[in-house]
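One letter stands for each residue in the lines below.
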Amino acid sequence: MKIGDIDIALVLGSGLSEILASGAIPAWSEGGRIPFSELKLPVAKLAGHAGEAVAGEWHGKRVLAFAGRVHGYQGFSAPEITRSVALARAHGASKLLLTNAAGAINEQFRAGDLMLISDHINLTGLNPLLGSELADPFVNMTDAYSPRLREAARNIDANVREGVYAGLLGPNYETAAEARYLRTIGADAVGMSTVLETIAARAAGMEVFGVSLITNAVAAADTSHAEVTAIAKQAAARLAALLDGVVAAA
Ligand code: HPA
């Protein structure tokens, strides 16, 4: 199968890959699946990160969903991590919807909460624009996460949280001291993805929406990858409903 023109690219994070196949989204109609390898996208090996692109139509919009992503902690470079964004842009996508699983820094957040990303702090030490040949690599990052799409999401789900996502390199989870530091610098949630994709998309002029599924309190003694993916799967239906409204508004 070939990718045609697309309107919206969607990235599905840890434990979230199956939401399109779950039947939870009546307005979604799948057109086909393409393995990342066929698209010359880098492939991750970790369980819970599938690695295929799913093409389809959603509220009359042509959507390409990336089920799984690669991360800096797997040794991938920023250009590799953001190749999916470049691919979507090259096929005409003007919107990028990002999802991830994240740990809560904000003490009011609970596992299973959805947090609209209002802003981010890039602590990965990586940047897709390093060495960029863009005429203007000094990309403006104010309102990088579309206020318009965040408002649409709040109208769909009144209980959704909103806050700042800190993107770290990983792969280890945070120490208690790092958790205190992240709280001090204004983060509400922490994860190991998303920020580089947002930078690449904003550099390409795309409108970005991001949502974190809170899977655990940060620096809790019992956090594990298994727990993170299990919580993500449980909350997938609520995330699907939120995305359904955002796609309709996008
Ligand atoms: N820290 C970093 N990344 C994460 C976490 C966390 O606690 N939970 C899910 N992704």
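All of the points below concern the structure found in this document. Just so it is clear, the model here is predicted, and its values are computed rather than measured.

Moving on, we get to the site of the ligand. Lining the immediate environment of the ligand, one finds A101, A102, G103, Y173, E174, V190, G191, M192, T215, N216, V218 and V228. A distance of 3.3 Å separates a nitrogen atom of the ligand from a polar atom in the backbone of G103. One of the backbone N or O atoms of V190 is found 3.5 Å from a nitrogen atom in the ligand. Coverage of the ligand by the protein chains reaches 95% of its 260 Å² of free accessible surface. Elements that contribute at least two residues to the shell around the ligand include exactly β5 (95–104), β8 (189–191) and β9 (207–217). For the shell around the ligand, a count of residues per class yields seven nonpolar, four polar and one charged.

To continue, consider the pairing of β5. Within β5, 10 of the 10 residues are buried, which leaves it mostly tucked inside the rest of the structure. Relative to β5, strand β1 (residues 8–12) runs parallel, the two sharing four bridges. Considered in β5, the bridge of V11 is made with L98. Bridge analysis of β5 against β9 gives 10 bridges, and the strand direction is parallel. Within β9, the residue paired with A102 across the bridge is I214. In this sheet, β8 lies alongside β5 in antiparallel orientation, the contact comprising two bridges. Note on β8: the bridge partner recorded for A104 is A189.

Moving on, we come to the packing of aromatic side chains. Summed over all chains, the structure comprises two aromatic pairs. Residues W28 and W58 carry aromatic rings whose centres are separated by 5.8 Å and whose planes lie at 75° to one another, so their mutual orientation is edge-to-face. Of this pair, W28 sits in strand β2 (residues 28–35) while W58 sits in strand β3 (residues 52–58), and the two are 30 residues apart along the sequence. On the basis of relative accessible area, W28 is assigned to the buried category, the value being 9%.

With that out of the way, let us pick up the environment of L16. Counting through the fold element by element, L16 comes out in the loop between β1 and β2. Relative accessible area serves as the criterion here: at 1%, L16 is assigned to the buried category. Between the C-alpha atom of L16 and that of G210, which follows or precedes it by 194 residues, the distance is 14 Å.

Bringing the packing of helix α3 (residues 147–156) against helix α7 (residues 236–249) into the picture now. It is the contact of α3 with α7, at a shortest axis distance of 9 Å, that shows an interaxial angle of 135°. Relative to α7, the element α3 lies oblique. Handedness of the α3/α7 crossing: right-handed. Taken together, the residues of α7 that come into contact with α3 (itself represented by R148, L149, A152, A153 and I156) are A241, L242, G245, V246 and A249.

The next thing to look at is the pairing of strand β6 (residues 114–123). With three bridges joining them, β6 and β9 adopt antiparallel strand pairing. What sits directly across from L116, in β9, is V211. As paired strands, β6 and strand β7 (residues 161–168) are joined by eight bridges and run parallel to one another. Counted as the bridge partner of M115 is R161 from β7.

Procedures and definitions
Every residue gets a number counted from 1 within its own chain, in the order that chain's sequence is written. Predicted model: local features are reported for residues with pLDDT of at least 70 only, side-chain atom pairs are reported and counted for 80 or more only, and whole-chain, interface and lining totals are derived from all residues. Side-chain metrics in this entry use all non-hydrogen atoms of the structure; hydrogen atoms and water are not considered. Throughout this document, a residue counts as near a molecule or strand when at least one of its heavy atoms sits within 4 Å of that molecule or strand. Identification of polar contacts relies on pairs of N or O atoms within 3.5 Å, with a donor-acceptor requirement for protein atoms, meaning one able to donate a hydrogen and the other able to accept it, and with residues adjacent in sequence counted only if both atoms are side-chain atoms. Every accessible area reported is derived by Shrake-Rupley at a probe size of 1.4 Å, with residue values counting cover from the shown protein chains alone. For the purposes of this entry, the term helix denotes a DSSP run of H or I that reaches at least four residues, the term strand denotes a run of E that reaches at least two, and both are numbered from the N terminus. For this scheme, ten residues count as nonpolar: Ala, Val, Leu, Ile, Met, Phe, Trp, Tyr, Cys and Pro. Four count as charged, namely Asp, Glu, Lys and Arg, and the remainder, Gly too, count as polar. Exposure is judged per residue with a 1.4 Å probe applied to protein chains only, and the accessible area is read against the type maximum: over 50% gives exposed, under 20% gives buried, and values in between give partly exposed. In short, DSSP must find at least two bridges between two strands for them to pair. What counts as a ring pair is set by centres within 6.5 Å for rings of Phe, Tyr and Trp (its six-membered ring), and what kind of pair is set by the plane angle: stacked under 30 degrees, edge-to-face over 60, tilted for all other angles. All axes here are fitted lines through C-alpha atoms, helices being fitted over the stretch that makes contact, and every angle between N-to-C directions spans 0 to 180 degrees. Orientation categories follow fixed angle ranges, with anything under 35 degrees roughly parallel, anything over 145 roughly antiparallel, 65 to 115 roughly perpendicular, and all other angles oblique. Take the far helix as your reference; a near helix turned counterclockwise from it by less than a right angle gives a left-handed crossing, and one turned clockwise gives a right-handed crossing. Every residue pair with non-hydrogen atoms within 4.5 Å of one another is taken to be in contact.

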